[in-house]
Number of protein chains: 2
Amino acid sequence: MRSKWKIWGLKVLRDGGRKRDVTSRDVARALGVSQSMVSRAFDPAGRVSKENRARIMRAAETLGYVPNVIARSLSTRRSGIVAIVIGGMDNPFYTDMLDQTAAALDAAGYKSLLFRVPAGQDVDDQLPALRQYNVDALIVASASISSRIAEEWQRDDRRVVLFNRSVPDQSVPSVTCDNETGARELADLLIDRGHSRLVFVAGPQGTSTNREREAGFIRRLMERGCSLAGRVDTTSYSFAEGYRAAAEALSVKPDAVFFANDVLALGGIDRLRYDFGVKIPSDISVVGFDDIPMAGWPAYNLTTIRQPIDEMVRVTVELITDHDAPPTRRIVPGQLVSRGTVRLA
Amino acid sequence: MRSKWKIWGLKVLRDGGRKRDVTSRDVARALGVSQSMVSRAFDPAGRVSKENRARIMRAAETLGYVPNVIARSLSTRRSGIVAIVIGGMDNPFYTDMLDQTAAALDAAGYKSLLFRVPAGQDVDDQLPALRQYNVDALIVASASISSRIAEEWQRDDRRVVLFNRSVPDQSVPSVTCDNETGARELADLLIDRGHSRLVFVAGPQGTSTNREREAGFIRRLMERGCSLAGRVDTTSYSFAEGYRAAAEALSVKPDAVFFANDVLALGGIDRLRYDFGVKIPSDISVVGFDDIPMAGWPAYNLTTIRQPIDEMVRVTVELITDHDAPPTRRIVPGQLVSRGTVRLA
DNA sequence: ACTCGTTATGCATCCGGATGCATACCATAT
DNA sequence: ATATGGTATGCATCCGGATGCATAACGAGT
């Protein structure tokens, strides 16, 4: 019964006597009607008399019939599956997003196919494989996708939404937080509290989040007649990189550090405190971006900008499930969460 | 072209002129051979002459033909999809597990269908829906599933593996860490370091992890002539619950607290330190279980038992992909990670 | 009773591959 | 040349539903 059949390189068994499900024909036979009538009965818009629909539903119930999604998908070319492409599941922001998105999709009747991509890796070449599954839509978070691929999908009437990323090409819908404005608020906050030696610890180059946050921060500084005392690069949005960068940031003797996101900030705080004995915020103020759960933990009590995940997820799922929603870029406002890592004026 | 067709309550479009893929018949026609030959060409064990297989592969390449997974799945009743049922994605331990599992499944040629379940909720009634997708196997983490359902799946030759959970019924394969032994090591550690007023902060009742850790801890205490100075219950493995429980634990004036997992411990530490000014470990020692990334962060530097996620994931995926692996319970050893939250003797 | 306009049903086919069975092919053995 | 065994191919069907088209049934209007 075994075979060496391979699907994409994996062994499978041929139909090993798996229990055949009850089919629409079974129901039809039991009632002496046609299979197509049963099929229509399950289509809210299908033409079936009230009485027969009721009979069919009742029979289906008793026989334990449920329409087979795979078979249906074969002819409709729809699967009810949304793929979530996600990189960097080590960042709580994204796992939180994943959790909420899965919940929202579930509520909307969709299933989530998880497509994990190694941090920073390109996924373009792996996406065609997803088409095989008749995946209805694509949510891309913390990963890059070319607009060529995006358009290919959209032409095929499958929505693609970038989450917390955006690309220059306007035709690719995306949902992002207003990073620029958020960063400007942080700049204002730090300046208002009397800081003058500001350091920016950047996220990975090439991420739109970092670009926008950096631009917003620096522009606002300039508008207020200030400038950056230093800038540190990192290769990933991770605790370890924040930890590493903090030491470097310290070399320019800053009185405030803006880490491009919370995870970096947490790593930075720990480094400053436990390796250098820096008091936060009396010696140095620290701010981050995202407002992940740990930012609110007493050990950190980090002042940051909250990205409204719930709202962002809501919009994302709306873009995907509501075919009347125009496929445009959506930018939602962030919110300053003032905690204890910035000194008072 | 629109319709009110619903799949599980969601609107879909009927085949809206989606680009038809290149099919095996297209390839067959182009080469003047039969469709079945093309199909067999893609079956490593299929009978096709070397030359024809080569021709077919070449033609497939040029025409851009790729076997359609959905159609294949319809007849084989296999999909190459593994569902990961997961509750409590707020616990880094599980997101880490999810990340690694998705990676391992991907490497084995499987796709991961994410099935998120609200914490503590029963999923039995939602699982039949997954069968619709011809899901090949089920990994259940941090959620409960009845052995009746599990057996139903197994009878249908679809493996089910419980991750970090176990049920009394031996017939349900599970992969767990040796919670009992780990807890005993912690008991030994605390006693050896001279503690005598020990408190156990329990995880939710009914979780096998909590049951085993508690049993191991208490038994070892008894073996060494000690007993628990106190015990605190919680309703979930969460930071907030640890935070809450810490205050309660404090009332019995402990000199050491064992939190049933790391997340609880982190919440507890923050409460003890920042609300009560407790010095850890000089006033009170704290230990946890799991070794999530945050446990290693300098701010906590938590002494704990590492659950070897990578090994657990490896075994889990092996149980699922290797049909020769006996479907038994697997228990992997944990490892004491001694950091700074336990005072020296 | 006789049309006409709806609404219900059924038939046949399609979606794209997989596979049992029969046949055709090929080479070696006799 | 003929029998023999293994390999290649093709045919027909199946997996389970969806759907265009044709027909039947029904209710109303005159």
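Residues numbered from 1 in each chain as written. Chains lettered and ligands numbered in written order. Predicted model: local features only at pLDDT ≥ 70, side-chain atom pairs only at ≥ 80, totals over all residues.

1. Regarding the overall build of chain A
- Along its length, chain A carries twelve helices and 14 strands.
- For chain A, the C-alpha atoms occupy an extent of roughly 85 × 45 × 40 Å along the three principal directions.
- Long-range pairs, those at least 24 residues apart, make up 68% of the contacts in chain A between residues at least 6 apart in sequence. (Helix = DSSP H or I, 4+ residues; strand = E, 2+ residues; numbered from the N terminus. Contact = placed C-beta atoms within 7 Å.)

2. Quick word on the pairing of strand β5 (residues 137-141) of chain A
Residue and element names in this part refer to chain A.
- Counting buried positions along β5 yields five of five residues, so the element is predominantly enclosed.
- Of the two faces of β5, both are covered, the one formed by Ala137, Ile139 and Ala141 as well as the one formed by Leu138 and Val140.
- Here five bridges tie strand β3 (residues 81-87) to β5, and the two strands are oriented parallel to one another. Considered in β5, the bridge of Ile86 is made with Ala141.
- Relative to strand β6 (residues 159-163), β5 is paired through five bridges, and the arrangement is parallel. When the bridges of β6 are listed, Ala137 appears paired with Arg159.
- Regarding the hand of the β-α-β motif, the stretch spanning β5, helix α7 (residues 147-155) and β6 is right-handed. (Buried ≥ 20, exposed ≤ 12 C-beta atoms within 10 Å, placed from the backbone. Pairing = 2+ DSSP bridges. Right-handed = clockwise from strand over helix to strand, strands pointing away.)

3. Digging into the sheet that holds strand β10 (residues 256-259) of chain A
Residues and elements named next belong to chain A.
- Ordered in space as β9-β8-β10-β11, the four strands form an open sheet in which the pairing is parallel. Since the sheet does not close on itself, it has two edges, and those belong to β9 (228-232) and β11 (285-287), each with one partner. Averaged over neighbouring strand pairs, the angle between their axes works out to 20 degrees when direction is ignored.
- Relative to β10, strand β8 (residues 198-201) runs parallel, the two sharing four bridges. Its bridge partner lying in β10, Phe200 is registered against Phe258.
- Where helix α9 (residues 208-223) meets the sheet, its contacts fall on β8, β9 and β10, and the angle it forms with β8 comes to roughly 165 degrees.
- Where helix α11 (residues 262-276) meets the sheet, it contacts β8, β10 and β11, and its direction lies at approximately 145 degrees from that of β10. (Axes fitted to C-alpha atoms, helices over the stretch in contact; angles between N-to-C directions.)

4. Describing the nonpolar core
- Counting 184 residues, the largest nonpolar core has Val85 of chain A together with Val85 of chain B as its most contacted members.
- When residues no more than four places from it in sequence are discounted, the contact partners of Val85 of chain B are Phe115, Val117, Val123, Leu138, Ile139, Val140, Ala141 and Ala143 of chain B. (Core = buried A, V, L, I, M, F, W, Y, C linked by C-beta atoms within 7 Å.)

5. Structural notes on unusual backbone geometry
- With an omega dihedral of 10 degrees, the bond running from Ile280 of chain A to Pro281 of chain A counts as a cis peptide bond.
- As for its placement among the helices and strands, Pro281 of chain A is situated in the loop between α11 and β11.
- Its identity is not glycine, yet Lys253 of chain B carries a phi of approximately 50 degrees, on the positive side.
- Look at Asp290 of chain B: it is not a glycine, yet its phi comes out positive at around 135 degrees.

6. Considering the packing of helix α5 (residues 92-107) of chain A against helix α12 (residues 309-321) of chain A
All names here are of chain A.
- Where α5 meets α12, the closest approach of the two axes is 10 Å, and the angle between their N-to-C directions is 45 degrees. When the axis of α5 is compared with that of α12, the two are oblique. Taken as a pair, α5 and α12 cross one another with a handedness that is right-handed. Taking contact as the criterion, the partners of Asp96, Met97, Gln100, Thr101, Ala104 and Leu105 in α5 are, on α12, Ile309, Asp310, Val313, Arg314, Thr316 and Val317.
- A per-class count over the contact of α5 with α12 returns six nonpolar, three polar and three charged. (Parallel < 35°, antiparallel > 145°, perpendicular 65-115°, else oblique. Left-handed = near helix turned anticlockwise from the far one by under 90°. Nonpolar A, V, L, I, M, F, W, Y, C, P; charged D, E, K, R; others polar.)

7. Some words on helix α10 (residues 239-250) of chain A
Residue and element names in this part refer to chain A.
- With twelve residues, α10 ought to run about 16 Å at 1.5 Å a step, and its terminal C-alpha atoms sit 17 Å apart, in line with that.
- By the burial criterion, the buried members of α10 are Phe239, Glu241, Gly242, Tyr243, Ala245, Ala246, Ala249 and Leu250.
- Against the buried residues of α10 lie β8, β9, β10 and α11. (Expected span 1.5 Å × (residues − 1).)

8. Regarding the environment of Asp156 of chain B
- Its location among the elements puts Asp156 of chain B in the loop between α7 (147-155) and β6 (159-163).
- Separated by 150 residues in the primary sequence, Asp156 of chain B and Arg306 of chain B have C-alpha atoms spaced 35 Å apart.

9. A look at the packing of helix α1 (residues 24-31) of chain B against helix α3 (residues 50-63) of chain B
Residue and element names in this part refer to chain B.
- Contact geometry for α1 and α3: axes closest at 10 Å, N-to-C directions at 115 degrees. Two packed elements cross with a definite hand, and for α1 against α3 that hand is right-handed. Facing Asp26, Val27, Ala30 and Leu31 of α1, the residues of α3 in contact are Arg55, Ile56, Ala59, Ala60 and Leu63.
- In terms of residue class, the contact of α1 with α3 is made up of seven nonpolar, no polar and two charged.

10. Concerning the sheet that holds strand β10 (residues 256-259) of chain B
All names here are of chain B.
- Read from one edge of the open sheet, four strands run β9-β8-β10-β11, paired in parallel fashion. Looking along the sheet, the strands with just one partner apiece sit at the ends: β9 (228-232) and β11 (285-287). Along the sheet, successive strands turn relative to each other by an average axial angle of 20 degrees, direction set aside.
- Here helix α8 (residues 179-192) sits on the sheet and contacts β8 (198-201), β10 and β11; the angle it forms with β11, its principal contact strand, is near 170 degrees.

11. Details of the environment of Pro92 of chain A
All names here are of chain A.
- One can find Pro92 in helix α5.
- Using a count of 21 C-beta atoms within 10 Å as the deciding quantity, one classes Pro92 as buried.
- For the pair Pro92 and Asp262, spaced 170 residues apart in the sequence, the C-alpha separation amounts to 9.5 Å.
- Not counting the four nearest positions on each side in its chain, Pro92 is found in contact with Ile292, Pro293 and Met294.

12. Topic: the confidence of the model for chain A
- Put simply, chain A has an average pLDDT of 89, and 94% of its residues get 70 or more.
- Counted against residues more than four places away or in other chains, residues 1-18 of chain A, with its pLDDT under 50, gives 38 contacts. (pLDDT = per-residue confidence, 0-100.)

13. Topic: the environment of Val140 of chain B
- Within the secondary structure, Val140 of chain B sits in strand β5 (residues 137-141).
- Taking the C-alpha atoms as reference points, Val140 of chain B and Asn210 of chain B, separated by 70 residues in sequence, lie 17 Å from one another.

14. Some words on α9 of chain A
All names here are of chain A.
- Taking 1.5 Å per residue as the helical rise, α9 with its 16 residues ought to reach 22 Å, and the 22 Å between its terminal C-alpha atoms agrees with that figure.
- Of all the residues in α9, the buried ones are Thr209, Asn210, Glu212, Arg213, Glu214, Gly216, Phe217, Arg220 and Leu221.
- Residues of α9 that are buried sit in contact with α8 (179-192), β8, β9 and β10.
- One or two positions beyond α9, positive phi appears at Gly225, with a value near 75 degrees.

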